[in-house]
Number of protein chains: 2
Amino acid sequence: MNVVESIERKRDGHALAAEEIRALIAGYTADAIPDYQMSALLMAILLRGLSADELAVWTDAMLHSGDVLDFSHIAAPKVDKHSTGGVGDKVSIPLVPMVAACGVAIPMISGRGLGHTGGTLDKLESIPGFRTALDPAEFTRLLERTGLVLAGQSETLVPADRRIYALRDVTGTVPSIPLIASSIMSKKLAEGLDALVLDVKVGSGAFMRDIVRARELARTMVGIGAAHGTAVTALITDMSQPLGRAVGNANEIAESLEVLRGGGPADLVEITHQLGVAMLLAGGVAPDPDAAQRMLHAAVASGNAFAKFEEVVIAQGGDPAVLHDPSLLPSAPEEAVVTAPRDGIVQRCDALLLGVAAVRLGAGRMTKEEAVDPGVGFIVCVKVGDVVSAGDPLIRIRWRHPGRLAEARSLVDHAIVLGDTAAFPPPLVHERVV
Amino acid sequence: MNVVESIERKRDGHALAAEEIRALIAGYTADAIPDYQMSALLMAILLRGLSADELAVWTDAMLHSGDVLDFSHIAAPKVDKHSTGGVGDKVSIPLVPMVAACGVAIPMISGRGLGHTGGTLDKLESIPGFRTALDPAEFTRLLERTGLVLAGQSETLVPADRRIYALRDVTGTVPSIPLIASSIMSKKLAEGLDALVLDVKVGSGAFMRDIVRARELARTMVGIGAAHGTAVTALITDMSQPLGRAVGNANEIAESLEVLRGGGPADLVEITHQLGVAMLLAGGVAPDPDAAQRMLHAAVASGNAFAKFEEVVIAQGGDPAVLHDPSLLPSAPEEAVVTAPRDGIVQRCDALLLGVAAVRLGAGRMTKEEAVDPGVGFIVCVKVGDVVSAGDPLIRIRWRHPGRLAEARSLVDHAIVLGDTAAFPPPLVHERVV
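Being a predicted model, the structure only gives us computed values, none of them experimental.

1. Some thoughts on the packing of aromatic side chains
Residues and elements named next belong to chain A.
Thought 1: Within the structure shown, the criterion is met by two aromatic pairs over all chains.
Thought 2: With 6.0 Å between their ring centres and 25 degrees between their planes, Phe 71 and Phe 139 make a pair best called stacked. Residue Phe 71 is located in the loop between helix H4 (52-63) and strand E1 (79-83), and its partner Phe 139 is located in helix H7 (residues 136-146); the two are separated by 68 residues in the primary sequence.
Thought 3: With a relative accessible area of 5%, Phe 139 lands in the buried category.

2. Considering unusual backbone geometry
Residues and elements named next belong to chain B.
Thought 1: You will see that Asp 31, though not glycine, has its phi angle at about 65 degrees, which is positive.
Thought 2: With respect to the helices and strands, the residue Asp 31 is situated in the loop between helix H2 (18-29) and helix H3 (35-48).
Thought 3: Residue Asp 31 is classed as exposed on the basis of its relative accessible area of 59%.
Thought 4: In this structure, Val 158 is a non-glycine residue whose phi angle is positive, near 50 degrees.
Thought 5: Within the secondary structure, Val 158 sits in the loop between strand E3 (148-152) and helix H8 (159-169).

3. A short note on the domain arrangement of chain A
Thought 1: Segmenting chain A into domains produces domain 1 (3-49), domain 2 (79-326) and domain 3 (331-419).
Thought 2: Its C-alpha centre places domain 1 of chain A at a distance of 43 Å from the equivalent point of domain 3 of chain A.

4. A closer look at the pattern of salt bridges
Thought 1: Within the structure shown, the criterion is met by 58 salt bridges over all chains.
Thought 2: The salt bridge partner of Asp 122 of chain A is Arg 112 of chain A, with a shortest N-O separation of 3.0 Å. Of the two residues, Asp 122 of chain A sits in helix H6 (residues 120-124) while Arg 112 of chain A sits in the loop between strand E2 (106-110) and H6, which places them 10 residues apart along the sequence.
Thought 3: A salt bridge links Lys 201 of chain B to Asp 199 of chain B, with the shortest nitrogen-to-oxygen separation between them at 2.8 Å.
Thought 4: When its relative accessible area of 0% is taken as the criterion, Lys 201 of chain B is described as buried.
Thought 5: On the accessibility criterion, Asp 199 of chain B (0% relative accessible area) is buried.
Thought 6: Where salt bridges share partners, they join Arg 112, Asp 122, Glu 125 and Arg 365 of chain A into one cluster.

5. Points about the relation of the copies chain A and chain B
For these two chain copies, the linking operation is a rotation about an axis paired with a shift along it.
Thought 1: For the pair chain A and chain B, the superposition axis carries a translation of 0.1 Å, the fit reaches an RMSD of 0.0 Å, and the rotation angle comes to 179 degrees. The operation mapping one copy onto its partner corresponds to a two-fold rotation axis. No C-alpha of chain A lies nearer the rotation axis than that of Tyr 36 of chain A, which sits 1.9 Å from it.
Thought 2: Comparing interface residues between copies, 100% of those in chain A also lie at the interface in chain B; the contact surface is shared.

6. Points about the sheet that holds strand E7 (residues 334-339) of chain A
Residues and elements named next belong to chain A.
Thought 1: On the basis of which strands lie adjacent, the open sheet formed by four strands has the order E6-E9-E11-E7 and antiparallel pairing. Each edge of the open sheet is held by one strand with a lone partner, namely strand E6 (246-248) and E7. On average, each strand axis in the sheet is tilted by 15 degrees relative to the strand beside it, whichever way the strands run.
Thought 2: As defined by bridge partners, E6 adjoins strand E9 (residues 377-380) across three bridges and the pair is classed as antiparallel. Residue pairing across strands places Gly 248 opposite Gly 377, the latter belonging to E9.
Thought 3: In the packing of helix H11 (residues 250-260) onto the sheet, the strands contacted are E6 and E9, and the crossing angle to E6 comes to about 145 degrees.

7. Section: the side chain of Ser 204 of chain A
Residue and element names in this part refer to chain A.
Thought 1: Within the secondary structure, Ser 204 sits in the loop between strand E4 (195-202) and helix H10 (211-228).
Thought 2: Owing to a relative accessible area of 19%, Ser 204 belongs among the buried residues under this scheme.
Thought 3: When neighbours within four sequence positions are excluded, Ser 204 is seen to be in contact with Arg 209, Met 239, Ser 240, Asp 350, Ala 351 and Leu 352.

8. With respect to the interface of chain A and chain B
Thought 1: If you look at the interface, chain A gives 21 residues, while chain B gives 21 residues.
Thought 2: For the pair chain A and chain B, the summed buried surface comes to about 1600 Å²; carbon and sulfur atoms form 73% of the total.
Thought 3: Taken as a group, Arg 11, Tyr 36 and Leu 47 of chain A account for 35% of the area that chain A buries against chain B, more than any other trio of residues on that side.
Thought 4: Applying the counting criterion to the chain A and chain B interface returns zero salt bridges.
Thought 5: At the junction of chain A and chain B, the tally comes to seven residue pairs in polar contact (both at pLDDT 80 or more).
Thought 6: Per-element tally for the side of chain A that touches chain B: the top contributor is helix H3 (residues 35-48) of chain A, with 10 residues.

Cut-off values and rules
- Residues numbered from 1 in each chain as written.
- Chains lettered and ligands numbered in written order.
- Predicted model: local features only at pLDDT ≥ 70, side-chain atom pairs only at ≥ 80, totals over all residues.
- Heavy atoms only, no water.
- Phe/Tyr/Trp six-rings, centres within 6.5 Å; stacked < 30°, edge-to-face > 60°.
- Helix = DSSP H or I, 4+ residues; strand = E, 2+ residues; numbered from the N terminus.
- Buried < 20%, exposed > 50% of the residue type's maximum accessible area, 1.4 Å probe, protein only.
- Domains from an automatic or database assignment.
- Salt bridge = Lys/Arg side-chain N within 4 Å of Asp/Glu carboxyl O.
- Least-squares fit on C-alpha atoms with pLDDT ≥ 70 in both.
- Contact = heavy atoms within 4.5 Å.
- Pairing = 2+ DSSP bridges.
- Axes fitted to C-alpha atoms, helices over the stretch in contact; angles between N-to-C directions.
- Buried area = accessible area lost by both parts, 1.4 Å probe.
- Polar contact = N/O pair within 3.5 Å; in protein donor to acceptor, adjacent residues only side chain to side chain.

See the structure below:
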């Protein structure tokens, strides 16, 4: 194979052959193709695109660059959910125990927060003792036993993606829909799933800022699933303002526990249930959406969902005491309250600014090497459309370092915009792509 | 400076700022920017382009990445000529002694053959003893003394180009007009010239296959010259069939000597004189084209041009005996003759096929590391439009290894196409761009 000729073909807008794509991915993973050739190819792909056929092969080649999990010996349907990431997006944490309690097996492999979006692993690790680094044998054993496992990606799962992602990050080749879609789908399809539900976020706090790009990403991922023979459903959901009230790590666990107990903010509950319905339908354990909805409500009302989460926490080494008394979760010592400077109606509660502010505060990281402070974060007290009076709390900030508070506040002050006219938040679920 | 942001800006079709371009070139030359970032940027430039302003700065930054020659102490006008490369394109060799004999100083820095096009350095080195690796002091001394020096590029001249070119070669980013133009012009402008004449080849044996691309390249280079304050004239000349009759190295020296003696093939003589006129006018030593033409004829007729070449050969260590007896030049021992299989008119005499065939024979190289055999090559006996009879020689092949002869012949047999209708070669000079 001549790598330069492959780069040239893509550069000139032609399609790459299947064997060519497989050789490129395998060669790069094996260090036979240097970074400088792969980065030129990635830029050509970003600017020229990949056809559906090319993308199916590209994703399949990535997926087979390492171990592929096989849970065919587990009778329950294997379904996972993936979110493209947002601010306050803790949905997975209440969602998967609810769905697992209804008889779906969920081998969930999650990521860490990067940039302004949080990560499920960081949130889970604010539960003292919770281990997310599981070897394949333990992962399989836990899935067999509890029907739910929440872990980080092992080194041997889709190594091509880890390498290509790291290269994209430093070569301006991140925002390519085929490359984003193949990165997500290769990892999820390597989990040996029967079906997958995607939460494609759209809005200021999401990777996709507009519905056109979000729809394109959703359709692209659904197409990859179809080519692979895995049923994929995508919901395109709003991320113009944070989801729920909590933005941080430990405080998002506390809010997730509220949902598992039948409470929690309405938007978070709504999205969690809609994704849960999609998972139960995809797993074939509910005959229709109404039945699925009833099963989820029953799982919460019976305490089975909460019990399932407790089972997982114990199985993965976490301290179950915090589940029953969330005040035991890590919390920064200081609180600052941003109040409304005037009477008015909330026009905007910007997810991006609040996400960046949370990183400044220490709740997230800008580089992979940074540590996360589980105890800092925000409680966002208002939603777009809320009527507030001067002096009402808008945001409560849990902080540890005055310098970081100051950095965060300067952003927070711009995140919430008050006005005098009625304001309406966008719909929580924009579209469903199947 | 954030390199990723610069890549992203170019990727998205925006212009790079002057200081940004300078930092990118300097950073890459100093090993502060890795290959994988530069290759992504080069691919983005290839697909998005560079504006005239960006390109002027990009070229200037490359030009200043190393030594910049200064011959302002030499009173004579300093003019050089550069060809974009072709098959049988030995024009520089008879041209520059003719022009130098008319009072123009020529600090010519040439390249080696690569791919199907030959290189002036390889041809000159078929003169026994001729040294093309000169240090800057010797280069300057020879220019002062003889008004003409023919050398290879030193390590310290435009190091950014050497590195960027090597990277482009392996990342599919060669055929970008701004990158080609800046590569050529940075090297030529570093020679400290008053004026430059470009021979932009167009046709099957040229880098630019069509007149549109050739014109764009010519205009781009003339524009860079103008931005730099250096007068640049470009002729767009035909390279659909080889120039002259000789394709090789030593045989091209022999043909160049014919021109210096007042003979030689008509097409070669014509192009040489037209470029010579442009150089004399650019150097301000002739008042008009007719006068320039007369000066060139006089330089040949008087023997001054030949004497100038002999002076240079001696000054650079070459054996002057071969100039007087070209049979002393290296020559492969065997000759094969390709004859016309039928009566007919030459419809095509393909420069690309003959160029590739010459490489197969050993006259050129596909990688920089290969050695060149000075004694092998072709004499192309026909031009498009010639009437031939069955059995007439079409091409005489000087060869050394039977295997290489066989490889070359299979290409040569397809290079010349005979037909029954009249055929007309394209004009030798298509356009003039100033």
